[in-house]
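Next come the chains, spelled out residue by residue.
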Amino acid sequence: EIMSWKSIATDLKLYPFLVGSGGNEKNVLQSFMSLLHHENSDVSMSVLNVLVELLDVSLLDNDSRKNEKEEEEERISMGMLANALINGGKLEIDGGNSGGGLDLIVSNLGRLINNDNDDLLSIPSEEDVRGIDDVFTIMEYLMDLDTM
């Protein structure tokens, strides 16, 4: 079910629904942040993979069929998602920045590198390598978005 959220990447106008309205109910992104703690690393890797799809900056490439207003709305929507991700799933309007989401994402690196291995010199599995790559890809996308 987690992977089905990848389909949202086809319409950036839906991104504000991922971060919700700030009410008492958990929004989708907050649920993703909770799942990054999941004891099963496959679950956290699925969340990382979905985040890679949602934050892919190539989604913002200029499309001749879109006017400037639509392109700006998409940049705002992706920026809103990136901001909420950095803040642990909460949309911070006032410029506050807790960084909790980044901590959660990066904490998965150690877990994936040492997944079920007591030997620090052992080679991670192919699945773990994909998860590690997803963490670095998310970081790259967030830096790219920060320069836009």
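Before any of the text, the structure's been laid out above.
About the thresholds
Residues numbered from 1 in each chain as written. Predicted model: local features only at pLDDT ≥ 70, side-chain atom pairs only at ≥ 80, totals over all residues. Heavy atoms only, no water. Axes fitted to C-alpha atoms, helices over the stretch in contact; angles between N-to-C directions. Helix = DSSP H or I, 4+ residues; strand = E, 2+ residues; numbered from the N terminus. Parallel < 35°, antiparallel > 145°, perpendicular 65-115°, else oblique. Left-handed = near helix turned anticlockwise from the far one by under 90°. Contact = heavy atoms within 4.5 Å. Nonpolar A, V, L, I, M, F, W, Y, C, P; charged D, E, K, R; others polar. Salt bridge = Lys/Arg side-chain N within 4 Å of Asp/Glu carboxyl O. Buried < 20%, exposed > 50% of the residue type's maximum accessible area, 1.4 Å probe, protein only.

Student: An account of the packing of helix 4 (residues 68–86) against helix 6 (residues 126–146) is needed here, citing residue identities and associated values.
Tutor: Running from amino to carboxyl end, helix 4 crosses helix 6 at an angle of 125°, the nearest separation of the two axes being 11 Å. What the angle tells us is that helix 4 and helix 6 run oblique. As helix 4 runs across helix 6, the sense of the crossing is left-handed. Contacts between helix 4 and helix 6 involve Met-78, Ala-82, Leu-85 and Ile-86 on the former and, on the latter, Ile-138, Leu-142 and Leu-145. Class assignment for the residues of the contact of helix 4 with helix 6 results in 7 nonpolar, no polar and no charged.

Student: Give me the pattern of salt bridges: which residues, what numbers.
Tutor: Charged atoms that come close allow side chains of opposite charge to pair. Tallied over the entire structure, the rule returns 3 salt bridges. Across the pair Lys-69 and Glu-73 runs a salt bridge whose closest N-O atoms are separated by 3.9 Å. Here Glu-73 and Lys-69 lie together in helix 4, a separation of 4 residues that amounts to about one turn. The exposure class assigned to Lys-69 is exposed, which follows from its relative accessible area of 60%. For Arg-75, the salt bridge goes to Glu-72, with nearest N and O atoms at 2.8 Å. In this pair, Arg-75 and Glu-72 both sit in helix 4, 3 residues apart, roughly one turn of the helix. According to the relative accessible area criterion, Arg-75 is partly exposed, its value standing at 34%. We classify Glu-72 as partly exposed; its relative accessible area is 36%.

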